[in-house]
Amino acid sequence: MVIFIQLSERQEKIIDIVKENEPITGEAIAQRLKLTRSTLRPDLAILTMSGILDARPKVGYFYTGKTAFSFVSESIRKIKVSEVKSVPIVVDEESSIYDSIVTLFLEDVSSIFVTSNGFLTGVVSRKDFLKNAIGGLDLNKTPIGVIMTRMPNVVVTKPEETILDAAMKIIDHEVDSIPVVEEVEIKDGKSEYRIIGKISKTTITRLFVELGKND
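Residues numbered from 1 in each chain as written. Predicted model: local features only at pLDDT ≥ 70, side-chain atom pairs only at ≥ 80, totals over all residues. Heavy atoms only, no water.

Turning to the overall build of the chain, a few remarks are in order. Helix and strand counts for the chain come out as nine helices and eight strands. At 25 Å, the chain has a C-alpha radius of gyration far larger than the 17 Å of a compact globule built from 215 residues. If one aligns the C-alpha atoms of the chain with their principal axes, the spans along those axes are about 80 × 40 × 25 Å. The proportion of buried residues among the 215 residues of the chain is 39%. Within the chain, residue pairs in contact and separated by at least 24 positions form 57% of the contacts whose partners lie at least 6 positions apart. Accessible area for the chain stands at about 12600 Å²; split by element, carbon and sulfur atoms hold 52% of it. (Helix = DSSP H or I, 4+ residues; strand = E, 2+ residues; numbered from the N terminus. Rg over C-alpha atoms; globule rule 2.2 N^0.38 Å. Buried < 20%, exposed > 50% of the residue type's maximum accessible area, 1.4 Å probe, protein only. Contact = heavy atoms within 4.5 Å. Areas by Shrake-Rupley, 256 points an atom, 1.4 Å probe, with all protein chains shown as cover.)

This is how it looks when you write it as structure tokens:
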């Protein structure tokens, strides 16, 4: 996973000096801070590798216009769904609504993914369960397949997509989580989705917390 490095006070001062005096050599920056060039070398390396500063031989350092926030944004764009996906909660399409509700609460999740013969066929949310419980269905006898949102109306993400792609799908479609799937060819050129994980609002929140805590 790509980890965000919080800039130190000295690195922030270096950026300010470069902004005001670009192009400026490393030696000149060191003189202004009353430090040696070797002392500043690690700081300058971090700032150039992060893209905040640009270094040109025999010319000096330039400010690129990028900020620490830009660095975080670029880091998020590099994180793949496969790196942060969590374990999905899955039930078979023939499971009863009652048993599925029990699973939902025992696992403390907002939605359950539904499969048939091992492949994704639908999804059911807490709202779906509540709506149908109030509607008077026999929860013990009615299979979950009756009330689920069916494919192809289920939003999915794939391991190679970025976490930003997945987050945008969650926001655009106003759902709490989406399944991470891999496409499996079956026959006659047709394919199905096998569930291998999930990305939820909690996944994304946890990622932001980890990025913020690491320095």
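Strand order in the open sheet formed by four strands is β3-β4-β5-β6, with mixed pairing between adjacent strands. Every interior strand has two partners, whereas the edge strands, β3 (90-92) and β6 (149-150), have only one. Alignment of β3 against strand β4 (residues 111-116), held across three bridges, turns out to be parallel. The residue bridging Val 91 from the neighbouring strand is Val 114, located in β4. (Pairing = 2+ DSSP bridges.)

All right, on to the nonpolar core then. By size, the foremost hydrophobic cluster in this structure holds 15 residues, and its most contacted members are Ile 14, Val 18, Ile 29, Leu 40, Leu 44, Leu 47 and Leu 53. Going through the elements one at a time, α1 (9-21), α2 (26-33) and α3 (37-49) are the ones with two or more residues in this core. Counting residues per element, this core draws most heavily on α1, at four residues. Residues contacting Ile 14, with those up to four places away along its chain left out, are Ile 29, Leu 33, Leu 40, Asp 43, Leu 44, Leu 47 and Leu 53. In this structure, Ile 79, Ile 170, Val 180 and Ile 204 belong to the second largest nonpolar core, which totals 14 residues. (Core = buried A, V, L, I, M, F, W, Y, C linked by side-chain atoms within 4.5 Å.)

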